[in-house]
Amino acid sequence: MPKAQETVLEIDLKALKHNFEYLKSKLQNGTKFLAVVKAFGYGSDSCEIANYLQELGADYFAVAYTNEGVALRKAGITKPILVLHPQAVNFKTLITYALEPSLYNTKVLKEFIEIALAEKQSDYPIHIKINTGLNRLGFCKNDIDHAVTEIRNTTAVKITSIFSHLAASEDLNEKAFSLNQIESFNTISKKIIEKLTYQPMLHMCNTSGILNYPEAHFNMVRAGIGLYGFGNSHEENKNLIPIATLKTIISQIHHIEKDASVGYNRAFKANSTLKTATLPIGHADGIGRQYGNGKGFVTIKGQQAPILGNVCMDMIMVNITDIDCKEGDEVIVFGQNNTAEQLAETTNTISYEIITSVSQRVKRIFIK
Ligand SMILES: *Cc1c(COP(=O)(O)O)cnc(C)c1O
């Protein structure tokens, strides 16, 4: 891999292929693979990631919002794209770009049917989201009959899939709850299908669901975090490779006298002489303020260098007193050895948050 000369996010497409193949190996023949590429492909780059996964054979894509789907279409994605949380204001755009909405209550269902009719659509593919216990988005059991009647009474839309989302697929202490969700999903989807003259797909599993609930793979699975190299346990992580490495360099080294301070608000005060390195990465790049004051660290020459004082907008200062390094040397913020998960743990957050926080200012580099 090339040595960093500025702050870059390196994306290892070989690792992406490994993760895709590993997750696929958990599926039965014929189970479709939907790749979740929302939030810029979990902070990497949705267009490059989706194009590569399309080449590798992903069947479906999902994003959270309509504009994310539009970006994929403009980048050459031809496979179906599910929009998990579309807003009615974007329904017309969604249809223009042949994106497929998740519809989760009577209000959005009616709004979508109205716009699909106005746009002269017939059998437009929609996905019906069922709430089985996450209590986030989804039709409740009691709304279903009415929704199915609305759908049967129009030629504008057709149910391509019925789906639900597990609340605690990674937590085996909540296995009884997850099994209950799977059972209600089975019951509710059967009830819908009985009233249709065609067979929609069913899907329920995210990454941890794929690994922990093979009985709930149904016709398709929806993998996000696993593609990017993280599971939700140390066991799962062993089989996955983080695809993103956030790298930077040392801009300047300072020799700090005892009692001197470092950074804004003089948040760090030196008890003894020490050596600091200033790095061109700050909270505007995705290193939140909570990582400051000794919580977060970077890795230089294989050694940990804790962040000193407050994180600035464009810079951090780290303690390199015991590290043999010089200006211009490479710095790893997170990567395949010093993982985003380890860094996330220093502030009690999760890998999802730190990888999706790397801002668009950071240059992406793709390693084939
Ligand atoms: C984000 C998301 C996923 C992907 O979940 P991972 O845990 O990242 O695999 C799947 N389904 C829905 C509805 C989501 O919002």
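Residues numbered from 1 in each chain as written. Predicted model: local features only at pLDDT ≥ 70, side-chain atom pairs only at ≥ 80, totals over all residues. Heavy atoms only, no water.

The name given to the protein chain in an unreviewed UniProt entry is Alanine racemase, with the source organism recorded as Flavivirga eckloniae. Looking at the Pathway (unreviewed entry) heading of the UniProt record, one finds this comment for the protein chain: "Amino-acid biosynthesis; D-alanine biosynthesis; D-alanine from L-alanine: step 1/1." Within the UniProt record for the protein chain, the comment given under Catalytic activity (unreviewed entry) is "L-alanine = D-alanine". (UniProt positions renumbered as here; feature names shortened; annotations may be inferred.)

Q: Tell me about the nonpolar core, and please be specific about residues and values.
A: Phe61, Phe112, Leu227, Ile300, Val318 and Phe334 are the most contacted members of the largest nonpolar core, which totals 109 residues. A total of six residues in this core trace back to one element, the largest contributor, which is helix α1 (residues 13-25). Among the domains, domain 1 (31-228) and domain 2 (244-367) are the pair contributing at least three residues each to this core. Beyond its immediate sequence surroundings of up to four residues, Phe112 is in contact with Phe91, Leu94, Ile95, Pro101, Leu103, Tyr124, Ile126 and Val157. Of all hydrophobic cores here, the second largest spans seven residues; its members include Ile256, Val262, Ala270 and Cys312. (Core = buried A, V, L, I, M, F, W, Y, C linked by side-chain atoms within 4.5 Å. Buried < 20%, exposed > 50% of the residue type's maximum accessible area, 1.4 Å probe, protein only. Helix = DSSP H or I, 4+ residues; strand = E, 2+ residues; numbered from the N terminus. Domains from an automatic or database assignment. Contact = heavy atoms within 4.5 Å.)

Q: Before we move on, can you summarise the site of the ligand with the specific residues and values?
A: By nearness alone, 13 residues border the ligand, and Lys38, Tyr42, Thr207, Ile225 and Tyr352 come closest of all. At 3.1 Å, a side-chain N or O of Asn206 approaches an oxygen atom of the ligand. Within the side chain of Arg222, a nitrogen or oxygen atom sits 2.9 Å from a nitrogen atom of the ligand. Protein burial of the ligand: of its 390 Å² of free accessible surface, 93% is covered by the chains. More than half of the atoms belonging to the ligand lie within 2 Å of the grid points that define the largest pocket. Elements with a minimum of two residues in the shell around the ligand: α2 (38-43) and β9 (220-223). Along the lines of polarity and charge, the residues of the shell around the ligand split into six nonpolar, four polar and three charged. (Near = heavy atom within 4 Å. Polar contact = N/O pair within 3.5 Å; in protein donor to acceptor, adjacent residues only side chain to side chain. Areas by Shrake-Rupley, 256 points an atom, 1.4 Å probe, with all protein chains shown as cover. 1 Å grid on protein atoms, 1.4 Å probe; cavity = no way out; pocket = protein on both sides within 12 Å on 5 of 7 lines; lining within 4 Å. Sits in = over half its atoms within 2 Å of the grid points. Nonpolar A, V, L, I, M, F, W, Y, C, P; charged D, E, K, R; others polar.)

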